[in-house]
Amino acid sequence: MLRLLYRPLGLIFGVLGGIAASAVFARVWKMVTGDDEAPSATDEDRRWTEVLAAAAVQGAVFGLVKTAVDRGGAVGYRKMTGEWPGDKSSKTDDD
C-alpha cells in the first residue's frame, strides 16, 4: 500500500529532475562551447556534428540527473517509510 504513495512523489521528483537537468545542461553547454543556447535539430545554420553533439550531451546529462533524482527519492522514501518503492532486489544469498 505504501508503495502506491510513492507514485505521486515519483512524478514530482521527475518534474523537478527535468528542471534541474535543463539547468545543468545549459551550464555545461555554455561552459564547453561558450554559446548561450544549444543548437536545435532544425537550426539551419548549424552543422550535423554540432546538433548531434548537443543531443548526445543533453541525453547524457538528462539520464544522469534523472537517475540521481530517482535514486535519491527512493532512498529518502525508504528512510521515511521503511519500504523500498521500486523493484525488489534480484540478488539472492547465493550470489
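Each remark here, short or long, concerns the structure printed above.
Attention in this report is confined to the structure presented alongside it. None of these values were measured; they are calculated from a predicted model. (Residues numbered from 1 in each chain as written. Predicted model: local features only at pLDDT ≥ 70, side-chain atom pairs only at ≥ 80, totals over all residues. Heavy atoms only, no water.)

## Quick look at the overall build of the protein chain
For clarity, the cut-off: The helix and strand labels rest on DSSP assignments: H or I over at least four residues marks a helix, E over at least two residues marks a strand, and numbering proceeds from the N terminus. For the radius of gyration, the atom set is restricted to C-alpha positions; the globular benchmark scales as 2.2 Å times the number of residues to the power 0.38. Residue exposure (1.4 Å probe, protein chains only): buried if accessible area is under 20% of the type maximum, exposed if over 50%, otherwise partly exposed. Accessible surface is estimated by sampling points in the Shrake-Rupley manner with a 1.4 Å probe; for residues, cover comes only from the protein chains shown. Positive residues here are Lys and Arg, negative ones are Asp and Glu, while His and the chain termini are left out of the count. The location of each charge is read from NZ of Lys, CZ of Arg, CG of Asp or CD of Glu.
Summing up its helical and strand segments, the protein chain has two helices and zero strands in all. The C-alpha radius of gyration of the protein chain comes to 18 Å, more than 25% above the 12 Å expected for a compact globule of 95 residues. Each principal axis of the C-alpha atoms in the protein chain carries an extent, and together these give about 55 × 30 × 20 Å. Per-residue burial for the protein chain yields a buried fraction of 16% across its 95 residues. Taken as a whole, the protein chain presents about 7400 Å² of accessible surface, with 61% of it coming from carbon and sulfur. Looking at the protein chain, you have 12 positive and 13 negative side-chain charges, and the mean spots of the two groups are 9 Å apart.

## What about the packing of aromatic side chains?
Spelled out, the test is: Classification of ring pairs uses Phe, Tyr and Trp, with its six-membered ring standing for Trp, and accepts pairs whose centres are within 6.5 Å; under 30 degrees between planes counts as stacked, over 60 as edge-to-face, and the remaining range as tilted.
All told, the structure shown has three aromatic pairs when counted by the stated rule. Arranged with centres 6.4 Å apart and planes meeting at 50°, the rings of Y6 and F13 form a pair that is tilted. Owing to a relative accessible area of 14%, Y6 belongs among the buried residues under this scheme. Judged by its relative accessible area of 26%, F13 is partly exposed. Site record: aromatic cluster; members linked through ring pairs are Y6, F13 and Y77.

## As for the nonpolar core
As a rule of thumb, soluble globular proteins bury nonpolar side chains together. Defined as follows: We define the nonpolar core as a collection of buried residues of types Ala, Val, Leu, Ile, Met, Phe, Trp, Tyr and Cys that are connected through side-chain atoms lying within 4.5 Å of one another.
One finds A21, F25, W29, A54, V61 and V65 forming the largest nonpolar core, which totals six residues. Elements represented by at least two residues in this core include exactly α1 (2-33) and α2 (48-81).

## Observations regarding the pattern of salt bridges
Which entries qualify depends on this criterion: Here, a salt bridge means any side-chain nitrogen of Lys or Arg that lies within 4 Å of a carboxyl oxygen of Asp or Glu.
Evaluated as defined, the whole model comprises five salt bridges. Measuring nitrogen to oxygen at the nearest pair gives 3.4 Å for the salt bridge that ties R46 to E50. The partner of D70 in a salt bridge is K66, with the nearest N and O atoms 2.5 Å apart. With a gap of four residues between them, D70 and K66 both fall in helix α2, about one helical turn apart. Shared partners join several salt bridges into a network, and the residues in it are D35, D43, R46 and E50.

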